[in-house]
Amino acid sequence: MKKDNVILNKTKSFALRIIKLYSYLKNEQNEFVLSKQILRSGTSIGANVREGNRGQTKPDFYSKLNIALKEAAETEYWLELLHESGYLTTDQFESINKDCSEIIALLVAITKTQKS
């Protein structure tokens with residue numbers, strides 16, 4: 001992975017945060033349903049970006065980044081539910097949701113550029 005590839009780096013760091021969040025939710029909050037959902041969608045963002053980065057064609061790249069964008073939007077939804085249901089404090093939510101929002105903004109910008 002290139003050290004200067006912002007989206008690859010941010011999505012991998014975010015996936016690692018999601019893994020830690022999953023562990024916290026499961027072990028300390030005894031939450032098993034939402035935590036599995038966020039683990040799946042939150043780690044999928046980076047996987048799709050990585051796969052798209054190795055895409056064979058521009059449409060393949062565009063398709064994978066659009067999937068990553070959808071996964072990021074889903075992750076944002078699970079974060080909101082975890083916060084509103086009391087599993088995440090406001091500080092916890094705002095910290096990780098800020099990262100998710102930044103990834104969404106980057107993916108929107110990249111996909112708009114690729115589309116035109």
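Cut-off values and rules
Within each chain, residues carry numbers counting from 1 in the order of the written sequence. Residue-level local features of this predicted model are given only where pLDDT is at least 70; pairs of side-chain atoms are given and counted only at 80 or more, and the full residue set underlies all totals for whole chains, interfaces and linings. Values reported for side chains reflect all heavy atoms of the structure, with hydrogen atoms and water molecules removed beforehand. Each helix is a run of H or I in the DSSP string that is no shorter than four residues. Each strand is a run of E no shorter than two, and both are numbered from the N terminus. Each radius of gyration is computed over the set of C-alpha atoms, and the globule rule expresses the reference value as 2.2 Å times the number of residues to the power 0.38. A simple rule labels every residue: compare its accessible area, found with a 1.4 Å probe on the protein chains alone, to the largest value its type can have, and call it buried under 20%, exposed over 50%, or partly exposed in between. By definition in these notes, contact holds between two residues if any of their heavy atoms fall within 4.5 Å. We get accessible surface area from the Shrake-Rupley algorithm with a probe of 1.4 Å; when it comes to residues, only the shown protein chains can shield them. Stacked, edge-to-face and tilted labels apply to pairs of Phe, Tyr and Trp rings (six-membered ring for Trp) whose centres lie within 6.5 Å, assigned for plane angles under 30 degrees, over 60, and everything in between, in that order. Only the stretch in contact is used when a helix axis is fitted, and all axes are lines through C-alpha atoms; the angle between N-to-C directions ranges over 0 to 180 degrees. The scheme is simple: roughly parallel for angles under 35 degrees, roughly antiparallel for over 145, roughly perpendicular for 65 to 115, oblique for anything else. Should the near helix be turned anticlockwise from the far one by less than a right angle, the crossing is left-handed, and should it be turned clockwise, the crossing is right-handed. Gly counts as polar in this scheme, as do all residues outside two lists: the nonpolar Ala, Val, Leu, Ile, Met, Phe, Trp, Tyr, Cys and Pro, and the charged Asp, Glu, Lys and Arg. Within a predicted model, pLDDT stands for the predictor's per-residue confidence, ranging from 0 to 100. Any pair of N or O atoms that falls within 3.5 Å is considered a polar contact. Within protein, one atom must be able to donate a hydrogen and the other to accept it, and sequence-neighbouring residues count only if both atoms are side-chain atoms. By this rule, a helix spans an expected 1.5 Å times one less than how many residues it contains.

### Looking at the overall build of the chain
Across its full length, the chain carries four helices and zero strands. Taking 2.2 N^0.38 as the reference for a compact globule, 116 residues should give roughly 13 Å; the C-alpha atoms of the chain span a radius of gyration of 14 Å, in line with that estimate. Taken along its principal axes, the extent of the C-alpha atoms in the chain is 45 × 25 × 20 Å. In the chain, buried positions account for 37% of the 116 residues. A fraction of 71% describes how many contacts in the chain between residues 6 or more apart in sequence connect residues 24 or more apart. When the accessible surface of the chain is split by element, carbon and sulfur atoms take 53% of a total near 6900 Å².

### Some remarks on the environment of K58
Following the sequence through the fold, K58 ends up in helix α3 (residues 58–84). The exposure class assigned to K58 is exposed, which follows from its relative accessible area of 62%. Counting along the chain gives 41 residues from K58 to D99, while the straight-line C-alpha distance between them is 26 Å.

### Quick notes on the packing of aromatic side chains
Given two aromatic rings, one states the distance between the centres and the angle between the planes to describe the pair. Enumeration according to the criterion identifies one aromatic pair in this entry. Residues Y77 and W78 carry aromatic rings whose centres are separated by 5.1 Å and whose planes lie at 65° to one another, so their mutual orientation is edge-to-face. Here W78 falls in the buried class, since its relative accessible area comes to 14%.

### Describing the packing of helix α2 (residues 33–53) against α3
In contact at an axis separation of 8 Å, α2 and α3 are set at 160° when each is read in the N-to-C sense. For the element pair α2 / α3, the angle class is roughly antiparallel. Judged by the twist between their axes, the crossing of α2 over α3 is left-handed. Along the lines of polarity and charge, the residues of the contact of α2 with α3 split into 13 nonpolar, eight polar and five charged.

### What about the confidence of the model for the chain?
Interpretation of the predicted coordinates at a detailed level should be avoided for regions scoring low in pLDDT. Taken over all residues, the pLDDT of the chain has a mean of 95, while the share at 70 or more is 96%. Confidence, expressed as mean pLDDT per element, reaches its minimum in the chain at helix α4 (residues 90–115) with 95 and its maximum at helix α1 (residues 6–27) with 98.

### Details of the environment of D60
Position of D60 among the secondary structure elements: in helix α3. C-alpha of D60 to C-alpha of L39: the two residues are 21 residues apart in sequence and 25 Å apart in space. Engagement of the side chain of D60 in a polar contact is seen with the backbone nitrogen of Q56, the distance being 3.2 Å.

### A look at α3
Along its 27 residues, α3 runs 39 Å from first to last C-alpha, staying within 8% of the 39 Å computed at 1.5 Å per residue. Those residues of α3 not exposed but buried are F61, K64, L65, N66, A68, L69, E71, A72, T75, W78, L79 and L82. One or two positions beyond α3, positive phi appears at G86, with a value near 90°.

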